[in-house]
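# Notes for the structure review
Each chain, written out:
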Amino acid sequence: MRGLFEEETAALAGDLVALRRSLHTAPEVGLHLPGTQALVLDALDGTGLSVRTGENLSSVVAVLDGAGPGPTVLLRGDMDALPVRERTGLPFAAEGEAMHACGHDLHTAALVGAVRLLLARREEISGSVVFMFQPGEEGYDGAGLMLDEGLLDATPRPPDAAYALHVVADLPAGRCYTRPGPIMASYGVLEVTVTGRGGHGGRPHEALDPIPVAAEAATALQTYVTRRFDAFEPVVVTVGEFHAGSAPNVIPEHAVFRAGVRSFSDPVTERLAAELPALVEGIAAAHGARAEATFETVLPATVNSYEHAALFAETARKLFGDGRFEELARPRIGSEDFSHVLRRVPGAYGYLGAAPADALGHPSGNHSPTAVFDDSVIPDAARLLAALAWQHVGPSPAPPSTNRTGDARD
């Protein structure tokens with residue numbers, strides 16, 4: 001496999017980098033990315049693939065059918081940017097208030113590359129490949145919406161396996177990473193409104209100040225995590241918003257805070273959803289105040305099947321050599337809506353380092369306004385995605401999965 005797609009990828013490299021830079025200069029945020037969608041459709045024009053676009057979002061689903069029947073494999077590339085003003089100084093830097101600060105422009109270009117690599121060997125393919133160009137990954141649940149619009153019905157045979165690859169701006173360029181079981185956290189939001197009794201800042205005893213009550217509740221969340229959960233069952237709670245008051249001499253009636261909550265298993269998420277609101281409401285009641293607390297589970301944990309994570313690792317090693325693959329010792333704490341796909345289809349999610357060689361040991365991470373991604377990894381990303389599909393639909397496909405849920409956990 002070492003030479004699989006190698007020459008074809010080298011021939012495509014310039015086009016893929018050019019596409020990435022076109023995407024980078026015109027970033028779009030959210031579910032509706034008309035310019036990005038148009039660039040993808042233009043790149044797919046003339047391929048002969050079956051292509052359909054989303055009804056309620058700017059998604060693109062393209063299907064490559066091989067010369068004969070066989071498995072179906074899904075490859076995902078997300079397309080949306082972030083509401084970040086770019087400060088990289090690159091000659092193709094975006095202007096305005098949006099930026100591809102998470103590298104989704106590289107993902108889109110790489111998935112187009114995978115289309116071209118597999119299309120060139122269509123006559124050797126037994127089965128189908130679904131290419132999922134997804135908007136709205138950054139907090140809009142684009143993957144969930146694509147599933148609602150029939151993503152898994154794009155082929156007569158539902159996908160047998162699914163893969164996604166994410167570039168990382170502060171990991172060494174060209175190194176691949178994954179792990180079996182949980183690889184990214186679930187994400188939920190705790191929203192709290194504490195109601196007291198407003199009054200004069202100089203006479204707090206005549207009022208019921210909601211600010212110290214809310215502050216105590218926010219602090220108690222951290223104690224709750226460390227004292228109610230096994231240290232080997234990670235939970236991360238971050239109070240990212242706290243709003244109260246309008247003047248320093250006025251005790252307000254309300255204090256509001258919101259916390260992001262992350263964990264790695266459904267049972268823990270269910271406990272958090274039940275216990276966190278009760279904890280906050282109890283603290284408020286102890287002070288004679290009232291708290292209204294809600295918990296919304298936004299995304300489940302991203303969980304790789306053991307079989308497909310092993311196949312990802314094997315494929316990366318065979319393509320690039322043992323020195324360019326590393327199994328992650330622990331999950332990363334971010335969250336990802338590809339988790340919805342992996343709950344329906346067994347598969348694997350992995351990372352590709354993209355830190356520029358001249359970053360001098362201090363590269364900016366994803367989501368930073370100064371994040372820079374090394375274009376040289378785009379051909380490797382395309383090749384890895386194509387090779388993962390090839391493992392299932394090529395002349396000697398990997399054995400079919402027996403784990404349809406992909407629900408493998410530590």
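Let me begin by describing the structure that accompanies this report. (Residues numbered from 1 in each chain as written. Predicted model: local features only at pLDDT ≥ 70, side-chain atom pairs only at ≥ 80, totals over all residues. Heavy atoms only, no water.)

## Quick look at the overall build of the protein
Defined as follows: The helix and strand labels rest on DSSP assignments: H or I over at least four residues marks a helix, E over at least two residues marks a strand, and numbering proceeds from the N terminus. Throughout, the radius of gyration refers to the C-alpha atoms, and the reference size of a globule is 2.2 Å times the residue count to the power 0.38. To sort residues, take the accessible area from a 1.4 Å probe on protein chains only and compare it with the maximum for the residue type: under 20% means buried, over 50% means exposed, and anything in between is partly exposed. In what follows, residue pairs with any heavy atoms lying within 4.5 Å of each other are defined as contacts. For accessible areas, the Shrake-Rupley method is used with a probe of radius 1.4 Å. Any residue's cover is judged against the shown protein chains and nothing else. Positive charge is attributed to Lys and Arg, negative charge to Asp and Glu, and no charge count is given to His or to the chain ends. Where a charge lies is defined by one atom per residue type: Lys uses NZ, Arg uses CZ, Asp uses CG and Glu uses CD.
Counting its regular elements, the protein contains nine helices and 16 strands. Whereas a compact globule of 410 residues would reach a radius of gyration of roughly 22 Å, the protein reaches 24 Å, a difference of no more than 12%. The dimensions of the protein, computed from C-alpha atoms along their principal axes, are 80 × 50 × 45 Å. Here the protein holds 410 residues, and the buried ones make up 54% of them. Within the protein, residue pairs in contact and separated by at least 24 positions form 82% of the contacts whose partners lie at least 6 positions apart. Carbon and sulfur atoms make up 51% of the accessible area of the protein, which amounts to about 17100 Å² in all. Looking at charge distribution, the protein has the averaged site of its 31 positive side-chain charges lying 4 Å from that of its 52 negative ones.

## Some remarks on the sheet that holds strand β12 (residues 254–262)
Using the following cut-off: For two strands to count as paired, DSSP must find a minimum of two bridges between them. Simply put, an axis is a line fit to the C-alpha atoms, just over the touching stretch for a helix, and the angle between two N-to-C directions goes from 0 to 180 degrees.
Across the sheet, which stays open at both edges, the four strands sit in the order β10-β12-β8-β13 with antiparallel pairing between neighbours. Either end of the sheet is taken by a strand with one partner, and the two such strands are β10 (236–244) and β13 (290–299). For this sheet the average axis-to-axis angle between neighbouring strands, irrespective of direction, equals 15°. The sheet contact formed by strand β8 (residues 187–195) and β13 spans nine bridges and is antiparallel. Residue pairing in the sheet places V192 in a bridge with A293 of β13. On top of the sheet, helix α6 (residues 266–286) reaches β8, β12 and β13; it is set at about 165° to β13, its chief contact.

## Side note on the packing of helix α3 (residues 104–119) against helix α9 (residues 377–393)
Convention followed: Working definition: roughly parallel below 35 degrees, roughly antiparallel above 145 degrees, roughly perpendicular at 65 to 115 degrees, and oblique for all remaining angles. Should the near helix be turned counterclockwise from the far one by less than a right angle, the crossing is left-handed, whereas a clockwise turn marks it as right-handed. Following the grouping adopted for this structure description, the nonpolar residues are Ala, Val, Leu, Ile, Met, Phe, Trp, Tyr, Cys and Pro, the charged ones are Asp, Glu, Lys and Arg, and the polar ones are all others, Gly among them.
Relative to each other, α3 and α9 sit at 50°, their axes nearing to 8 Å. Taken as axis vectors, α3 and α9 run oblique relative to one another. Pair α3 / α9 crosses with right-handed handedness. Contacts between α3 and α9 involve L106, A109, A110, L111, G113, A114, L117 and L118 from the former and V377, I378, A381, A382, R383, L385, A386, A389 and W390 from the latter. Tallied by class, the residues present in the contact of α3 with α9 amount to 15 nonpolar, one polar and one charged.

## A few points about the sheet that holds strand β5 (residues 161–172)
Strand order in the open sheet made by the eight strands is β1-β2-β4-β3-β5-β16-β6-β15, with mixed pairing throughout. Edge positions in the sheet fall to β1 (50–53) and β15 (325–327), since each of these pairs with one other strand and no more. Here the average twist between neighbouring strands, direction ignored, is 20°. Both β5 and strand β16 (residues 347–355) contribute to a ladder of eight bridges, which runs parallel. Looking at β16, one finds that V168 is bridged to G353.

## Here we look at α6
The cut-off we apply is this: Each helix should span, by expectation, one fewer than its residue count multiplied by 1.5 Å. Values of bend correspond, residue by residue, to the angle between axes fitted over the seven residues ending at that residue and the seven starting there.
The terminal C-alpha atoms of α6 lie 30 Å apart, and with 21 residues this matches the ideal 30 Å at 1.5 Å per residue to within 8%. Considering bend angle alone, the principal kink of α6 is centred on E275 and spans about 25°; proline P277 follows within four residues of it. Buried within α6 are the following residues: V268, T269, L272, L276, P277, V280, I283 and A284. Its buried side turned inward, α6 meets β8, α5 (210–228), β12 and β13.

## A few points about the environment of G142
Within the secondary structure, G142 is located in helix α4 (residues 142–148). Sequence separation of G142 and G68 is 74 residues, and the distance between their C-alpha atoms is 31 Å. With sequence-adjacent residues up to four places away left out, G142 is seen in contact with L31, L57, Q134, P135, G136 and D337.

## Looking at the pattern of salt bridges
Heads up, the condition is: The term salt bridge refers to a pairing of a side-chain nitrogen on Lys or Arg with a carboxyl oxygen on Asp or Glu at a separation within 4 Å.
Taken as a whole, this structure holds 20 salt bridges when the rule is applied. Two residues, R175 and E326, come together in a salt bridge whose shortest N-O distance is 3.0 Å. Of this pair, R175 sits in the loop between β5 and β6 (176–178) while E326 sits in strand β15, and the two are 151 residues apart along the sequence. By relative accessible area, R175 is classed as partly exposed at 22%. Where R228 meets E275, a salt bridge forms, and the shortest distance between an N and an O atom there is 3.6 Å. Pair noted here: R228 is in helix α5 and E275 is in helix α6, with a separation of 47 residues, a long-range link. A relative accessible area of 46% means that R228 is categorised as partly exposed. A relative accessible area of 22% places E275 in the partly exposed class.

## Re the side chain of S263
Looking at the element boundaries, S263 is found in the loop between β12 and α6. Owing to a relative accessible area of 1%, S263 belongs among the buried residues under this scheme. Residue contacts for S263: discarding those within four places in its chain leaves A185, S186, P234, V235, V268, T269, L272 and A301.

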